[in-house]
Amino acid sequence: MMTEEKDRIVIPDENGDEHLFDELFKFTVDETGKSYILVTPVGEETEEEEDVEVFAFRYEDREDEENDIALFPVESDDEWEMIEEMLNTFSEDE
């Protein structure tokens, strides 16, 4: 079986410690023009039936060389509901 190589992203926490994440997928909402990214921590290998922790962020593309995207917390309930719907659709496709 061939494994698909995932894009990875480094995200610092509130203490400045960097953590490595695998990108699940990105999507943009046409109505709002906002883009979102869903990631999972690297190294969390689990059984098929176990839940994997998924983190979601709103992001904006950046032009500078050091950071290609800027991450922002998801704050509204409407955004969370839409993200959950997208994740459920993604999970069904997998």
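Residues numbered from 1 in each chain as written. Predicted model: local features only at pLDDT ≥ 70, side-chain atom pairs only at ≥ 80, totals over all residues. Heavy atoms only, no water.

(A) Representation of the overall build of the chain in the model. When helices and strands are counted, the chain shows one helix and five strands. Taken from N to C terminus, the helices and strands of the chain fall in the order β-β-β-β-β-α. Across the 94 residues of the chain, 26% fall into the buried class. Residue pairs at least 24 apart in sequence account for 26% of intrachain contacts in the chain once pairs closer than 6 positions are excluded. Surface summary for the chain: the accessible area is close to 7700 Å², and the carbon and sulfur share equals 41%. (Helix = DSSP H or I, 4+ residues; strand = E, 2+ residues; numbered from the N terminus. Buried < 20%, exposed > 50% of the residue type's maximum accessible area, 1.4 Å probe, protein only. Contact = heavy atoms within 4.5 Å. Areas by Shrake-Rupley, 256 points an atom, 1.4 Å probe, with all protein chains shown as cover.)

(B) Structural detail: the pairing of strand E3 (residues 35–41). The buried count for E3 comes to seven of seven residues, which makes it a mostly enclosed element. Burial of E3 is two-sided: the residues Ser35, Ile37, Val39 and Pro41 facing one way and the residues Tyr36, Leu38 and Thr40 facing the other way are all buried. Sheet analysis places strand E2 (residues 18–28) next to E3, joined by seven bridges and oriented antiparallel. Bridged to Phe27 within E3 is Tyr36. The antiparallel pairing of E2 with E3 creates a hairpin that spans six residues between the two strands, and Gly33 there sits at a positive phi of about 75°. Note: E3 against strand E4 (residues 55–61), five bridges, orientation antiparallel. Across the sheet, the residue bridging to Val39 is Phe55, located in E4. (Pairing = 2+ DSSP bridges.)

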